[in-house]
Amino acid sequence: EDQVTQSPEALRLQEGESSSLNCSYTVSGLRGLFWYRQDPGKGPEFLFTLYSAGEEKEKERLKATLTKKESFLHITAPKPEDSATYLCAVQNDMRFGAGTRLTVKP
Amino acid sequence: NAGVTQTPKFQVLKTGQSMTLQCAQDMNHNSMYWYRQDPGMGLRLIYYSASEGTTDKGEVPNGYNVSRLNKREFSLRLESAAPSQTSVYFCASQGNTEAFFGQGTRLTVV
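Here we summarise the structure given alongside this text. (Residues numbered from 1 in each chain as written. Chains lettered and ligands numbered in written order. Predicted model: local features only at pLDDT ≥ 70, side-chain atom pairs only at ≥ 80, totals over all residues. Heavy atoms only, no water.)

A closer look at the packing of aromatic side chains
(1) Moving on: Under the definition given, this model contains 11 aromatic pairs over all chains.
(2) Moving on: On the numbers, 6.4 Å between centres and 75° between planes, the contact of F34 of chain A with F46 of chain A is edge-to-face. Of this pair, F34 of chain A sits in strand 4 (residues 33-38) while F46 of chain A sits in strand 5 (residues 45-50), placing them 12 residues apart in sequence.
(3) Moving on: The exposure class assigned to F34 of chain A is buried, which follows from its relative accessible area of 0%.
(4) Moving on: Ring geometry for Y35 of chain B versus F101 of chain B: centroids 5.9 Å apart, planes at 40°, classification tilted. Taken together, the residues Y35 of chain B in strand 4 (residues 31-38) and F101 of chain B in strand 10 (residues 99-101) connect sequence positions 66 residues apart. Here Y35 of chain B matches F101 of chain B in class, with each residue buried.
(5) Moving on: Taken together, the ring pairs connect F34, Y36, F46 and F96 of chain A together with Y33, Y35, Y48 and F101 of chain B into an aromatic cluster. (Phe/Tyr/Trp six-rings, centres within 6.5 Å; stacked < 30°, edge-to-face > 60°. Helix = DSSP H or I, 4+ residues; strand = E, 2+ residues; numbered from the N terminus. Buried < 20%, exposed > 50% of the residue type's maximum accessible area, 1.4 Å probe, protein only.)

These results come straight from atomic positions and should not be treated as a statement about function.
Structure below.
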């Protein structure tokens, strides 16, 4: 059975303090890996799709990378508005991880 | 462009009552999904439909039924609601790549 595990469960950062979120997966023949952002009371919002090991995608302060076993979401110099829950999912069966709840303090 | 629309947004049911959650998408996507989201557990797949006329069980299908009415609409039915079904329910639709989500239905069963 496919598995998607995210760590840490929660992360508190000071504004400007860079860090990384991890998404490890066990999938046979990964078709694609998604990253989503979810704000309280709202549905997940798409951020990135990664298809192959070594691929990187960037959007503002966020950069997603992919290896054969895991993906990282790097957050550079975060701002309070980056506070949200970040979710990853594998495209094969649209299985999601439990998410990382990020809080950025001013 | 509405995307994925879910109704209702909020619902309170008594144990044993039935209800149907509605979902419609206007992106001409083939695949549609129903998830539930509980604190600390992320999104868990209840049922999905790869195309009009087909449905399959996901990770947590017990207590639910679905209908893919046409390409646009995918409904989720609770025949006899239980307190364990208190959750936030999300519908999603997917074309060739990423899925797009509705805003969710917050369901409380008392």
